[in-house]
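The primary structure of each chain is shown beneath.
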Amino acid sequence: MTAWTWPNITDRPVNWLNAQLRRLPVWALYAAGGAWPAILLYMGATGGLGVEPITALEHELGKSALNLLVFGLAITPLRRFFGLNLMRFRRAIGVIAFAYVGFHLLVWLVLDVQSPALIWADIVKRPYVTVGMAGFLLLSPLAATSNNWSVRRLGAAAWRRLHRLVYPAVLVAALHFMILVKGFPVEPLIYLAVIVVLLLLRLDRRAVAWRAGGLPRPR
Amino acid sequence: MAHRWINDLTAEDATPFSAYMNRRQIMAGLAGLGLGAIAAPAAALAPAGDLTPNSWEEITTYNNFYEFGTDKGDPARYADQLTTSPWSVTIDGMVDRPGAYDFATIMDRMTMEERIYRLRCVEAWSMVVPWNGFELADLLNLAGVQDGARFVAFETLNRPEEMPGLRSPILQWPYVEGLRLDEAMHPLTIMATGIYGKTIPNQNGAPMRLVVPWKYGYKSIKSVVRITLTDTQPPTSWNRYSSREYGFYSNVNPNVDHPRWSQAQERRIGGGLFSRKQPTLMFNGYEEEVAALYDGMDLAEYH
């Protein structure tokens, strides 16, 4: 009797998982990502989001976007530390996250604030709105260049440099969450902590590479 | 001292329990047909100051009671763990008859009334609630307010084993609030023990909570266990958290914004996804009754 082994294409569970993930088409992610706001909107219209659906919809979309941004940041560390390869899905995750940010902004403009005069007043006067808009602006060029044509056009190095804007953008998103709540609830602090750790993991690698002489000194 | 204030609408004008249940069923039926979104805007056209009470479901599932969690649904989810019997309220400080007043005894001595009040949350949403309760002045007189008392301090129950929110340091616990004595003795200020003629649910502050309709909702402290008469202004929870954002007075005032958001408008709960905002009224629509309390005061400074 021979001991059970992983199927022969693999020697580790994570490789088996990677093989399964290769079968998942990227369009499935876009389909699921597109369905979620539609489900939320339906729930909001039929009482599924409680008695105050406007704020609930706004918050659900905002938090879904933040979750995806954090997930996007986790993809590189997941590969580096666990060998889990989700690189194929990273663009879709980023694009869906940006779409959620857009819907979040749209719900705020159309259903929540309602008046164009108040919209501008809020952007200028309310720090959490100003910060939220800054996050949206930081993410916009990334969404616009999330296609193969832009990668070719910009060149891989410049494209990568541009897309490092996601680091400040995610920090800004966490800050946006933190400064709009009342009191000291723990949830925004957890988001901020996770994001800081995910960003530090990157700094760490660049610093180590620099000390080993492998990379130019980070500026 | 009871019955010093009469509702703009009488009890007969309040939607009876059976009628709003029917309305909800109609709305639920429309929602089932996918027409909820179409029906909602009609319901959202209520004028400012409208006094049609919100439904039982709206009043009892959308609550800020951080002792049970910060989500609006947390109080309804967790407050059933709260033991409200036996219950007593300690009334002390500058009173003639200090002591622990048993809730049942208080109920025997007080005159119950229905008060249909607007409730304006500092977060810029509002409701109309048909409270049942008694005037706070009557309770204070039961204990006998001494000359020289100028303020009333209130304290909420602090029982972490039944109130999961108390395990997080969201605010400094227990929750405390305060009023000037003349505000506390005002005919509009009540202690509520019921809603729609039924016993007040735990998530709304059972068995007894303050209601001060011209102030932001957080002044109306819930599940009160202590009332102290003093000659100095007592600390209040949100003011202690941020005095810039939350003043001692906290009168509803559309002209004085919260530093982080506008207070000029509010959203009445129950209007659905396409609810229109309505202008917020000075002193939440009770200007005629209470403006004199603040004669000559700078309401922006003493916000």
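This text gives an overview of the structure that appears in the document. (Residues numbered from 1 in each chain as written. Chains lettered and ligands numbered in written order. Predicted model: local features only at pLDDT ≥ 70, side-chain atom pairs only at ≥ 80, totals over all residues. Heavy atoms only, no water.)

Notes on the interface of chain B and chain A
Here is step 1: With 33 residues of chain B at the interface, the matching set in chain A holds 25 residues.
Here is step 2: Taken over both partners, the interface formed by chain B and chain A buries close to 2400 Å², and the fraction arising from carbon and sulfur atoms is 56%.
Here is step 3: Summed over the three residues of chain B that lose the most area to chain A, namely R260, R267 and L273 of chain B, the buried surface amounts to 31% of that side.
Here is step 4: The tally of links from chain B across to chain A stands at six salt bridges.
Here is step 5: The salt bridge partner of E123 of chain B is K182 of chain A, with a shortest N-O separation of 3.0 Å.
Here is step 6: For the pair chain B and chain A, the number of links is 11 residue pairs in polar contact (both at pLDDT 80 or more).
Here is step 7: Of all the secondary-structure elements, those providing two or more residues to the side of chain B that touches chain A are α2 (36–43), α3 (56–61), α8 (237–241) and β11 (265–268) of chain B.
Here is step 8: The leading source of residues in the side of chain B that touches chain A is α3 of chain B, at three residues. (Contact = heavy atoms within 4.5 Å. Buried area = accessible area lost by both parts, 1.4 Å probe. Salt bridge = Lys/Arg side-chain N within 4 Å of Asp/Glu carboxyl O. Polar contact = N/O pair within 3.5 Å; in protein donor to acceptor, adjacent residues only side chain to side chain. Helix = DSSP H or I, 4+ residues; strand = E, 2+ residues; numbered from the N terminus.)

A word on the packing of aromatic side chains
Residue and element names in this part refer to chain B.
Here is step 1: Taken as a whole and assessed by the stated rule, the structure comprises 17 aromatic pairs over all chains.
Here is step 2: A centroid spacing of 5.8 Å and a plane angle of 75 degrees characterise the contact between Y66 and W238, whose relative ring orientation is edge-to-face. On the criterion of sequence distance, the pair formed by Y66 in the loop between α3 and α4 (74–78) and W238 in helix α8 is long-range, its members being 172 residues apart.
Here is step 3: Given a relative accessible area of 9%, Y66 falls into the buried group.
Here is step 4: With a centroid separation of 6.2 Å and 90 degrees between ring planes, the pair formed by Y249 and Y302 is classed as edge-to-face. (Phe/Tyr/Trp six-rings, centres within 6.5 Å; stacked < 30°, edge-to-face > 60°. Buried < 20%, exposed > 50% of the residue type's maximum accessible area, 1.4 Å probe, protein only.)

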